[in-house]
Amino acid sequence: MLALSLILGGLAGGAVAQDPPKGTFPATPLAQKHFAYPTGIPYKVDTEDNLIRGAQTGFNICNSTTENQKSLCQTSFVNSADDFCLWAPIDPGSVVGDIEGEMVAWCTKPGHGTRLIPKDTLKGVQFMRTPDYVQVIGFIDQTKINLKSDDFGGEMDPHGADLRGNPLGGLVYSNAWSGGNANQYTQVIEWHNFIGSNAFCIKVCDPSKPNAAHFCEHIYDRIGCAYNAPNNAQNGIFESCEGENQDFPGVYVENGVTMTYTQPPESLGPISTMPYVARVPASSNCVKHSSETLFAALASVTAPGDAKPTSSPAAPTSGAPAGSGSSSSGSAKPTSSGSSTGTAAGAGSTGNSAGALMVSGTATVFGVIFSALFLS
Ligand SMILES: *[C@@H]1O[C@H](CO)[C@@H](O)[C@H](O)[C@H]1NC(C)=O
């Protein structure tokens, strides 16, 4: 390539203004950038606009002026069952694999300077605290946070093939390890978030623990929540639990021998079989909540595709956007909200529902294939 451009330059007489070849990797990987919350955070964490994937889409200083449903805030939180954020697309009808580098934060509570998750998006949520991490598993109507209804989804994490993260410059904080001080935040260095097939899992690993990078492993981006965050969450149930640690993603025991799974490259086609089923660790002290209580702040938040609320019939058109009809039927209702229903069996504990989440049929094993696309 260099040789070619020299030749072309020579042919053209030498004075051709050519852009230098774009690099791939940032000077400092995202996972090595540390910022105290809130005062240490820069406006944009990733400023290397000249690299192959271009500029960071959003920004990281988020406050009341950035808190709206068009927000491009890319600073996220995972605190508790009623206070967490997901990475989701900017625009309706998106496919994770196309825009994973541009996801923005959608949160369950105001105060983080982000978008809010619309009402009726969350259909079931399990918050789990273990010795080394906290995680949230959820069943969702993903069309309400801008995913295409049939998108199998993908993985976000602070690495990505070019180490700029997905989304680029995305930060995650938690107050889960501050001994009850809700205003004391720790930057989460290692985390992973799968979303798609009307479900999500987000795990944030305690940076003070030695195995954070293993529990929040990011290389198994094609095998979904059931292998990266095995759980027994159930659709329709909202709860907070305590649990033991999972096995590291990709690590399993077969006939007494500890094995490590190797995820095949996408060039070999869909992953149709797995040599193991991930163990769901024991959990206890689950406390059930009502979603109305957990997510009271979301009751008035409508999804981008929803029709505008026709609140006061008295008011004529006071400058409302033209043709409120336009959005009315447009919001493609998911015709088969299928995947999330794998849970029916076992109101109890044994973990079948866990496997169901994201691996239930075949959908997600095939599904979560998009994460490393841009360099493949
Ligand atoms: C609020 O956020 C905006 C956008 O990031 C930033 O420009 C502004 O300085 C922030 N305001 C305060 C008071 O921090």
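Residues numbered from 1 in each chain as written. Predicted model: local features only at pLDDT ≥ 70, side-chain atom pairs only at ≥ 80, totals over all residues. Heavy atoms only, no water.

Quick word on the overall build of the protein
On a plain count of helices and strands, the protein comes out with seven helices and 15 strands. Once local pairs closer than 6 in sequence are excluded, the contacts in the protein between residues at least 24 apart make up 72%. In the structure as shown, the protein presents an accessible area of about 17,100 Å², 57% of it carried by carbon and sulfur atoms. (Helix = DSSP H or I, 4+ residues; strand = E, 2+ residues; numbered from the N terminus. Contact = heavy atoms within 4.5 Å. Areas by Shrake-Rupley, 256 points an atom, 1.4 Å probe, with all protein chains shown as cover.)

With respect to the state of the cysteines
All chains considered together, the criterion is met by five disulfides. Across a sulfur-sulfur distance of 2.0 Å, Cys85 and Cys107 are joined as a disulfide pair. As the torsion about the S-S bond is roughly 95°, the Cys85-Cys107 disulfide counts as right-handed. With Cys85 in strand β2 (residues 83-88) and Cys107 in strand β3 (residues 104-107), the pair connects residues that are 22 residues apart, well separated along the chain. By the burial criterion, Cys85 is buried, and Cys107 matches it. For Cys201, the disulfide goes to Cys225, at an S-S distance of 2.1 Å. Looking along the S-S bond of the Cys201-Cys225 disulfide, the torsion reads about -95°, which is the left-handed sense. Placement of the pair is Cys201 in strand β11 (residues 199-205) and Cys225 in helix α4 (residues 224-228), with a sequence separation of 24 residues. Accessibility classification places Cys201 together with Cys225 in one group, the buried group. Going through the protein in sequence order and numbering each bonded cysteine, the pairs you get are 1-2, 3-4, 5-8, 6-7, 9-10. (Disulfide = S-S within 2.5 Å. Buried < 20%, exposed > 50% of the residue type's maximum accessible area, 1.4 Å probe, protein only.)

Let's talk about the site of the ligand
Close to the ligand lie Tyr43, Ile61, Asn63, Thr65 and Thr66, which account for all nearby residues. The separation between an oxygen atom of the ligand and a polar main-chain atom of Ile61 is 2.5 Å. Note that an oxygen atom of the ligand is positioned 2.4 Å from one of the side-chain N or O atoms of Asn63. Contact with the protein chains hides 43% of the accessible area of the ligand, taken as 360 Å² for the molecule alone. (Near = heavy atom within 4 Å. Polar contact = N/O pair within 3.5 Å; in protein donor to acceptor, adjacent residues only side chain to side chain.)

Thoughts on the environment of His34
Turning to its location among the elements, His34 is positioned in the loop between α1 (2-11) and β1 (75-80). Excluding residues that lie within four positions of it along the chain, His34 makes contacts with Gln187 and Ile189. A polar contact is formed between the side chain of His34 and the backbone oxygen of Ala31, at a distance of 3.5 Å.

Here's the deal with the confidence of the model for the protein
Across the protein, the average pLDDT comes to 83, with 77% of residues at 70 or higher. Segment residues 1-15 is flagged for pLDDT under 50; beyond a separation of four residues in sequence, or across chains, it makes four contacts in the model. Note that pLDDT drops below 50 for residues 312-376; the model gives that stretch 107 contacts with residues more than four away or on any other chain. (pLDDT = per-residue confidence, 0-100.)

A few points about the sheet that holds strand β6 (residues 133-140)
Sheet architecture is open: seven strands sit in the order β7-β10-β11-β6-β5-β12-β15, paired in mixed fashion. Only two strands of the sheet have a single partner each, and these edge strands are β7 (154-156) and β15 (283-288). Across the sheet, the axes of successive neighbouring strands diverge by a mean angle of 15°, strand direction being ignored. In terms of strand pairing, strand β12 (residues 238-243) meets β15 through four bridges, oriented antiparallel. Opposite Gly243, over in β15, you have Ser283 as the bridge partner. (Pairing = 2+ DSSP bridges. Axes fitted to C-alpha atoms, helices over the stretch in contact; angles between N-to-C directions.)

Quick word on the side chain of Asp83
Its place among the elements puts Asp83 in strand β2. Of the side chains with opposite charge, Lys109 comes closest to the buried, unpaired Asp83, at an N-O distance of 5.1 Å. The contacts of Asp83, once residues within four sequence positions are left out, are Val78, Thr108, Lys109 and His112. (Lys, Arg positive; Asp, Glu negative; His and termini not counted. Salt bridge = Lys/Arg side-chain N within 4 Å of Asp/Glu carboxyl O.)

Overview of the pairing of β12
Among the six residues of β12, five are classified as buried, and the element is accordingly described as predominantly covered. Taken together, the five bridges between strand β5 (residues 122-129) and β12 define a ladder with parallel strand orientation. Directly across from Val125, in β12, lies its bridge partner Phe238.

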